[in-house]
Amino acid sequence: LRRALHERLFYDSIVIGGGPAGLTAALQLARFNRRAVLFDGGNGRSTYHQVNHNYLGFPGGIRAQELQELGRRQLRAYPVAVVDETVTEVARAEGCFSATVSSGEQFWGRTVVFATGVRDHFPTFPEWQRFVGRSIFWCIVCDGYSTRGRRIVVVGNDNDAGVTALQFLQFTSHVTMLTNAPDLGLHPGVCDALAARGIPLVVDTIARVDGHDGIVGRLQLGSGNSLDVDFVFSLQGQSPNSELAASLGVELSRQGYIVADQDQQTNIAGVFAAGDVTRDLAHQVATAVHEGNTAATAANYFLYLPEQKHETYG
Ligand SMILES: Cc1cc2nc3c(=O)[nH]c(=O)nc-3n(C[C@H](O)[C@H](O)[C@H](O)COP(=O)(O)OP(=O)(O)OC[C@H]3O[C@@H](n4cnc5c(N)ncnc54)[C@H](O)[C@@H]3O)c2cc1C
């Protein structure tokens, strides 16, 4: 710790994750004149090709990658340390926290903000990443509007996927439901509703995808059949990147998301969480930005001396 203080590797806040939540948290911490270090492993939802059309202030939308670049550029005006490495370990250390990165280097901080996002379970096939955000999506809130009148295939094998397929009728009548599994996992009631609304339910797997430049044209199925398609919506779910937080003793929900209150505080004093990793629903840039800002504000308040806190005076 003494070496850390000497080498200025000791920070007010350690921010883990450089998507919209983490970047916003780091920016607001800097605006509070706090020393922050931000770590990013470089493989989250901002690394795909989607354009965010529903984030206010960008007529025509903004590419997720570009928003991240802009956020990083905005941070450069402040002395925020940005470390492009994955944090492999977080631990408590003498009244503060330590973070170890993949190269083995260690950093210390008085507070931690987890903004680590989720891992999507998209259908995989050669070069699938090129298609995500161009013609393969997962979010009806974000990209349902783009499907108006187009042919879509909803991929998933549970009731949520079936219900989402039904919701897509708000945008297009050309909806097909594909289990991408050999057995049917949907409730009979959902199957009946799909049939009643004219949505074909295909129990089959994706064997290959024909397309170019990230645009899907046809799904070749395990049975030898095929589906012509404009957009694929994967409803195969995602897993929160909450393992590091769990190792620190942070409480997780049944689905593995970090439990945080409305100030983004976790059950551990000085540990905050923001963005997709805190919730099963509302995975949106606007939500991540809101939570990142709130987490930074709560972390700043946590860092105040007793005489700087309202409750000291009753
Ligand atoms: C195809 C697609 C389309 C979308 N369209 C829209 C849209 O139109 N509008 C909208 O609002 N939202 C959209 N979203 C959702 C939006 O991208 C997310 O809600 C948003 O990125 C969440 O921000 P975040 O900061 O919580 O997580 P992320 O953006 O996923 O960032 C998390 C970061 O944490 C890093 N990380 C994780 N673990 C570690 C670690 N141990 N050490 C260091 N770094 C780590 C990752 O590398 C990553 O950069 C879309 C998502 C996808 C995939």
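For clarity, every value in this text was computed on a predicted model and none was experimentally measured.

Moving on: the pattern of salt bridges. Once their charged atoms are close, side chains differing in charge can pair, the charge on each being opposite to the other. If you walk through the whole model with that rule in mind, you get twelve salt bridges. Across the pair glutamate 243 and arginine 119 runs a salt bridge, and its minimum N-O distance is 3.1 Å. Residue glutamate 243 is found in helix H7 (residues 243-247), and its partner arginine 119 is found in strand S9 (residues 118-120); the two are separated by 124 residues along the sequence. For glutamate 243, a relative accessible area of 48% puts it in the partly exposed group. Of the residues examined, arginine 119 reaches a relative accessible area of 38% and is grouped as partly exposed. Between arginine 151 and aspartate 230 there is a salt bridge, with its nearest N and O atoms 3.0 Å apart. Residue arginine 151 is located in the loop between helix H4 (140-143) and strand S11 (152-155), and its partner aspartate 230 is located in the loop between strand S16 (226-228) and strand S17 (231-234); the two are separated by 79 residues in the primary sequence. Overall, arginine 151 belongs to the partly exposed group, its relative accessible area being 38%. With a relative accessible area of 17%, aspartate 230 lands in the buried category. Taken together, the salt bridges that share partners define one network made up of Asp40, Arg72 and Asp84.

A few words now on the site of the ligand. As a structural note, the neighbourhood of the ligand is formed by 39 residues, with Asp40, Gly41, Asn54, Val87 and Val285 the closest of them. Take aspartate 40: an N or O atom from its side chain is 2.6 Å from an oxygen atom of the ligand. Computed on the free molecule, the ligand has an accessible area of 1000 Å², of which 97% lies beneath the protein chains in the complex. Broken down by secondary-structure element, the contributors of at least two residues to the shell around the ligand are helix H2 (20-31), strand S3 (51-52), H4 and helix H8 (285-303). Among the residues forming the shell around the ligand, the class breakdown is 14 nonpolar, 19 polar and six charged.

To continue, consider the packing of aromatic side chains. Tallying each qualifying case throughout the model produces twelve aromatic pairs. Ring geometry for tyrosine 55 and phenylalanine 58: centres 6.1 Å apart, planes at 20 degrees, overall stacked. Looking at phenylalanine 58, the relative accessible area reads 26%, which means it is partly exposed. Judged by centre distance (6.3 Å) and plane angle (80 degrees), the rings of phenylalanine 272 and phenylalanine 302 are edge-to-face. Linking phenylalanine 272 in strand S19 (residues 271-273) with phenylalanine 302 in helix H8, this pair joins segments that are 30 residues apart in sequence. On the basis of relative accessible area, phenylalanine 272 is assigned to the buried category, the value being 0%. Accessibility expressed as a relative area gives 33% for phenylalanine 302, which makes it partly exposed. In this structure an aromatic cluster arises from ring pairing among Phe137, Phe168, Phe171, Phe231 and Phe233. Just above the ring of tyrosine 11 sits the side chain of arginine 35; from NZ or CZ to the centre is 4.5 Å. Against the face of tyrosine 145 rests arginine 148, its NZ or CZ located 3.7 Å from the ring centre.

Here is what the cut-offs are and how they apply
- Residues numbered from 1 in each chain as written.
- Predicted model: local features only at pLDDT ≥ 70, side-chain atom pairs only at ≥ 80, totals over all residues.
- Heavy atoms only, no water.
- Salt bridge = Lys/Arg side-chain N within 4 Å of Asp/Glu carboxyl O.
- Helix = DSSP H or I, 4+ residues; strand = E, 2+ residues; numbered from the N terminus.
- Buried < 20%, exposed > 50% of the residue type's maximum accessible area, 1.4 Å probe, protein only.
- Near = heavy atom within 4 Å.
- Polar contact = N/O pair within 3.5 Å; in protein donor to acceptor, adjacent residues only side chain to side chain.
- Areas by Shrake-Rupley, 256 points an atom, 1.4 Å probe, with all protein chains shown as cover.
- Nonpolar A, V, L, I, M, F, W, Y, C, P; charged D, E, K, R; others polar.
- Phe/Tyr/Trp six-rings, centres within 6.5 Å; stacked < 30°, edge-to-face > 60°.
- Lys NZ or Arg CZ within 6 Å of the ring centre and 35° of its normal.

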